Amino acid sequence: MEELAEAAGITVRTVRFYRERGLIKPPRREGRIAWYDETHLARLRTVAALLERGHTLNGIAELSDAFDRGRDVGELLGLGEPTEETPVRLSAAELADHFAGQDTPENLQAALDLGYLGTDGEEIVHISRRLLDVSSALVREGIPLAEVLAAAATVREHANALADLFADLVLAHGTDKDVERLRPLAKSVVEAELSLAMDRKIGEGKP
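These lines cover the structure that appears in this document, whether it is placed above or below. (Residues numbered from 1 in each chain as written. Predicted model: local features only at pLDDT ≥ 70, side-chain atom pairs only at ≥ 80, totals over all residues. Heavy atoms only, no water.)

Turning to empty space enclosed by the protein, a few remarks are in order. One pass over the full model with this rule turns up one cavity of 30 Å³ or more. Taken as a whole, the largest cavity encloses approximately 120 Å³ of empty space. Leu95, Phe99, Asp103, Asn107, Leu108, Ala111, Tyr116, Leu117, His126, Ser135, Leu145 and Leu149 are the residues that line the largest cavity. Considering each element in turn, the lining of the largest cavity owes the most residues, three residues, to helix α7 (residues 105-114). The residue makeup of the lining of the largest cavity, split by class, is eight nonpolar, three polar and one charged. (1 Å grid on protein atoms, 1.4 Å probe; cavity = no way out; pocket = protein on both sides within 12 Å on 5 of 7 lines; lining within 4 Å. Points joined across faces, edges and corners; volume = space filled by probe spheres on them. Helix = DSSP H or I, 4+ residues; strand = E, 2+ residues; numbered from the N terminus. Nonpolar A, V, L, I, M, F, W, Y, C, P; charged D, E, K, R; others polar.)

Dropping the structure here:
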């Protein structure tokens, strides 16, 4: 514990306090010896970074609990890396910066439930750079992150339905390989229909 405290730049008393609050996991024990490792040090540095950004210890404890209960990156990615999306690795502090302090335990849990976020040790993995950038941009425009995530859940439902529709259409006349080969056509249809729908929606508000 003394070595961990020194590496983290805090006191042993603070390490004990953080452990009692559940901010760091218990050490591995061998008899009377307690062993801490790099994951404990990374968590302490994350706590320090979040405190600097104005988070409370209670809030950090809730965030830590959500991370610990979240899916790991292997489960998040399922059968393999996304074919067209680029996953992004973030620290908890970097995630907080993306969302202007709206990284509450509730919002974090919503993102975990959507499968947007997973964990890899002390790192957070966002499934898609594009989705991360769009979500951050909407929050910067003044839309609450909770509402962005709620809308994302609805979009996910419609996207799943569209994927099923396209796959069923192709499989009725081809194979799984054809679904993969023709997926750009499905994307083009969805993008064009969304563009036309936005035109109609905007046009409704014009005199």
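Here the largest pocket defines a volume of roughly 2,100 Å³. The wall of the largest pocket is formed by 42 residues, among which Glu85, Ala159, Asn160, Arg183 and Lys187 lie closest to the centre. Those elements that place two or more of their residues in the lining of the largest pocket are α8 (129-140), α9 (145-171) and α10 (176-204). For the lining of the largest pocket, the residue count by class is 25 nonpolar, seven polar and ten charged.

Right, let's talk about the pattern of salt bridges for a bit. With the rule as written, the count across this model stands at eight salt bridges. A salt bridge links Lys187 to Glu84; the nearest nitrogen and oxygen atoms lie 2.6 Å apart. One end of the pair, Lys187, is in helix α10; the other, Glu84, is in the loop between α5 (73-77) and β3 (88-90), and 103 residues separate them in sequence. In this structure Lys187 comes out as partly exposed when scored by relative accessible area, which is 35%. In this structure, Arg183 engages Glu180 in a salt bridge whose closest nitrogen and oxygen atoms are separated by 3.2 Å. Taken together, the positions of Arg183 and Glu180, both in helix α10 and three residues apart, correspond to about one turn of that helix. Using a relative accessible area of 27% as the deciding quantity, one classes Arg183 as partly exposed. Connected via shared salt-bridge partners are Glu84, Glu180, Arg183 and Lys187. (Salt bridge = Lys/Arg side-chain N within 4 Å of Asp/Glu carboxyl O. Buried < 20%, exposed > 50% of the residue type's maximum accessible area, 1.4 Å probe, protein only.)

Now for the sheet that holds β3. Read across the open sheet, the three strands follow the order β3-β5-β4; overall the sheet is antiparallel. The sheet is open, and its two borders are formed by β3 and β4 (117-120), each paired with just one other strand. Looking at each pair of strands side by side, their axes are set apart by 35 degrees on average, direction ignored. Taken together, the four bridges between β4 and strand β5 (residues 123-126) define a ladder with antiparallel strand orientation. Bridging from a neighbouring strand, Gly118 pairs with Val125 of β5. (Pairing = 2+ DSSP bridges. Axes fitted to C-alpha atoms, helices over the stretch in contact; angles between N-to-C directions.)

Let's shift gears to the nonpolar core. Counting 35 residues, the largest nonpolar core has Val15, Leu95, Tyr116 and Leu117 as its most contacted members. With sequence-adjacent residues up to four places away left out, Val15 is seen in contact with Met1, Leu4, Ala5, Ile10, Ile24 and Leu44. In terms of nonpolar packing, the next biggest core, distinct from the first, is built from five residues, Phe166, Ala167, Val179 and Ala186 among them. (Core = buried A, V, L, I, M, F, W, Y, C linked by side-chain atoms within 4.5 Å. Contact = heavy atoms within 4.5 Å.)

Along the chain, His40 falls in helix α3 (residues 38-52). Owing to a relative accessible area of 6%, His40 belongs among the buried residues under this scheme. Of note is the side chain of His40, whose polar atom sits 3.0 Å from the backbone oxygen of Lys25. At 3.0 Å, the side chain of His40 and the side chain of Asp37 are in polar contact. Not counting residues within four places of it along the chain, the set of residues in contact with His40 comprises Leu4, Ile24, Lys25, Pro26, Pro27 and Trp35. (Polar contact = N/O pair within 3.5 Å; in protein donor to acceptor, adjacent residues only side chain to side chain.)

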